Amino acid sequence: MKLGSQESMMSDIFEKKKSPFYHFGQLMRLGKLPRDDFHRYLSERLASCFPEQQSNELSGNILDYTNCHPYYSQQLAANVWQLRMLQPESTQPISDAIQQIITSHSLDYERLWASFNRTNRWLLQRLASGNSLQTSEYPTSTLYSALKQLQKKGYVIYTDSYELEDPFFKEWLLKEMHA
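Residues numbered from 1 in each chain as written. Predicted model: local features only at pLDDT ≥ 70, side-chain atom pairs only at ≥ 80, totals over all residues. Heavy atoms only, no water.

(A) Layout of the nonpolar core. Membership of the largest hydrophobic core comes to 40 residues, with the highest contact counts inside it found for Leu-76, Val-80, Leu-124 and Phe-169. A per-element tally of this core places helix H5 (residues 93–115) first, with eight residues. Phe-169 has contacts with Tyr-109, Leu-112, Trp-113, Phe-116 and Leu-124, leaving out every residue within four places of it along the chain. (Core = buried A, V, L, I, M, F, W, Y, C linked by side-chain atoms within 4.5 Å. Buried < 20%, exposed > 50% of the residue type's maximum accessible area, 1.4 Å probe, protein only. Helix = DSSP H or I, 4+ residues; strand = E, 2+ residues; numbered from the N terminus. Contact = heavy atoms within 4.5 Å.)

(B) Inspection of the confidence of the model for the chain at higher detail. Chain-level pLDDT for the chain is 88 on average; 90% of the residues reach the 70-or-more range. The element-level mean pLDDT for the chain is lowest in helix H1 (residues 6–15), coming to 64, with H5 highest at 96. In the model, residues 1–5 has pLDDT below 50 throughout and makes 21 contacts with residues more than four positions away in sequence or in other chains. (pLDDT = per-residue confidence, 0-100.)

(C) Layout of the side chain of Ser-43. Of note, Ser-43 is situated in helix H2 (residues 35–46). If near-sequence neighbours (up to four positions away) are discounted, Ser-43 is found in contact with Ser-55, Asn-56 and Ser-59.

(D) Main features of the environment of Gln-53. Position of Gln-53 among the secondary structure elements: in helix H3 (residues 52–66). Between the C-alpha atoms of Gln-53 and Ser-43, which are 10 residues apart in sequence, the distance is 9.0 Å.

Structure representation (structure tokens):
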């Protein structure tokens, strides 16, 4: 299970002076895969168990949900495929697969949640729900520092704005907020 970014772990290994692998090689940061290529790849794989039109639609929905993140896209696609093999009567393969993933990681998410301080919890809930981070509850410097800490640990990413990296953790958070 991936909780937090492997990128931060890799950075620590190759960029900290005390690490035996300090400057061992050139660090390359890889972005998201091109959507069209990824869509074609997923559609071809899902066509083995879904009609072509449905596999194209499912692939697009998977990439929309995961925002083209390679790890989470592959995880969701694999669960959709497995669900189709084990429960062919499912009429909502993506929703059902998402729920299976969240259920299987629920205990990990609970442990993770318990490890966050009050500020980080507040930030994560705001990011999950899409609410503004502008508030009088916390000073801007505190929020910025917390965001940078969450980003370094790999829970938050920044593209055009700050967002949760793990879409399944986000879904779990939203569910917990309304429980």
